[in-house]
Amino acid sequence: ESSVKRIAFIILLLIFPLGIWQLFLSGVPSVLVSEARVASIRDSVTGNVLVHAVSTHLPRALTQGVVEKVALMPRGKAVSVEESQILVQFRMDDLDRQEMRLQIDLKQFNEKQEVGSLMEREVAVREKELNASVQLVNLEKMPSFELEKMQAEVAVLRARVELERLQGLHFLQNLEFQKTGLSSEREKRSVRSPISGQFAECLVAPGDMVFAGHSLGTVYSREKVVEASLSEEDCNGLREGMPAAVRLFAAEDKLYSARVSALSSSVDSDSGVRKVYLSLDDKDELAVGSSGRVEIIKSVSNESVVIPTKALLGDLVLLAKKGRLSFRKVKTGAKNLMTTEIIEGILPGDRVVTQTPHLFDEEDRISEILAPFAD
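Residues numbered from 1 in each chain as written. Predicted model: local features only at pLDDT ≥ 70, side-chain atom pairs only at ≥ 80, totals over all residues. Heavy atoms only, no water.

Student: I'd like to hear about the sheet that holds strand β17 (residues 324-329), residue by residue, with values.
Tutor: In spatial order, the strands read β17-β16-β20-β1-β21; together these 5 strands make up an open sheet with mixed pairing. The open sheet has two edge strands, β17 and β21 (367-370), and neither has a second partner. Put simply, the sheet's adjacent strands are angled 45° from each other on average, direction ignored. (Pairing = 2+ DSSP bridges. Helix = DSSP H or I, 4+ residues; strand = E, 2+ residues; numbered from the N terminus. Axes fitted to C-alpha atoms, helices over the stretch in contact; angles between N-to-C directions.)

So, in structure tokens, the structure goes:
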């Protein structure tokens, strides 16, 4: 019996410290850590992007009228249009009637011209009589005052013929002026696209009464430009031609290759934001107004010691060794959203805390969970 007690006592002595140790470990948090390693790293900056059309046009009605046809119904799917293609067509019934009236007037005028002028015929007859009267006066068989009277009458008739000719000329000029006005009015009632691009929005529908100056919709150019917003500090070292990658929120599964095409010449003094413009190879398919993120690659470093960027606490990292933590000051180099190059302070294989490192202090105990990280 005493042997059994002795064995039980020994077992108790073994179990008790183990229980105490287990109780101690239960209060130690499990934390993700990653090992520093040698790898290539991109020195890059990131920012928000917004897709703009190179040119945007807002066609307006140049005259009052009733809409007859539209190339795009309101709230319809955007359509591709060519330069000078009709976007909105107004009714032209009244113009058709006016043009028909002008055609009838011209036809009547031409018919009268074919018949000839009665006044010209009368002048021809009176001139023959005048010539005969001159001979009679020369033979003293007719008083001279009668001749003068006939000459005055013939002069009046000639003036009437000239007036008749001028009236015909003025009629044709006025007719041509009205035809030009009708043609101009027809052009105003056919609202055309000023560019080849995309008719993205139409604000009118067939049957709508529209007044001059009324906005009819929006036309975007096919060529797009991607505008990135970066802090003034991040723009240091950026140059035209640097490669970049764009990911839009509307198509997060697709990565667009891009290059820096231009940097704005000014910085917003209130926000400290500078605009950077990007050129994409397949930008035609981008929707105007789309937003997303961009990473602009300044350079690529090979064979560098790298750690996850989220492990940084300013110029410090939390080093994990044998379940205890210690702060380590580091000197950083290239940096991007995922990884940071460590020039001094960390060696390959050192483990750094990547899970909420700001919540821990020097000498804290943790239970390490090794987690790999992506470049």
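Student: Can you break down the sheet that holds strand β6 (residues 86-90) residue by residue, with the values?
Tutor: Pairing in this open sheet of 4 strands is antiparallel, and the strands run β7-β6-β4-β9 from one edge to the other. Taken across any chain shown, the strands that pair with only one partner, and hence form the sheet edges, are β7 (190-192) and β9 (209-210). Bridge count for β6 against β7 is 3 bridges, and the pairing is antiparallel. Bridge pairing links isoleucine 86 to arginine 192 in β7. Packed onto the sheet, helix α4 (residues 144-188) meets β6 and β7 and runs at close to 55° relative to β7. (Contact = heavy atoms within 4.5 Å.)

Student: Let's hear about helix α2 (residues 93-115): which residues, and what values?
Tutor: Along its 23 residues, α2 runs 34 Å from first to last C-alpha, staying within 8% of the 33 Å computed at 1.5 Å per residue. Listed as buried for α2 are Leu95, Leu102 and Phe109. In this structure, the buried side of α2 is in contact with α4. Glycine 116 sits one or two positions beyond α2 and adopts a positive phi of about 100°. (Expected span 1.5 Å × (residues − 1). Buried < 20%, exposed > 50% of the residue type's maximum accessible area, 1.4 Å probe, protein only.)

Function cannot be inferred from these measures alone, as they are strictly geometric.
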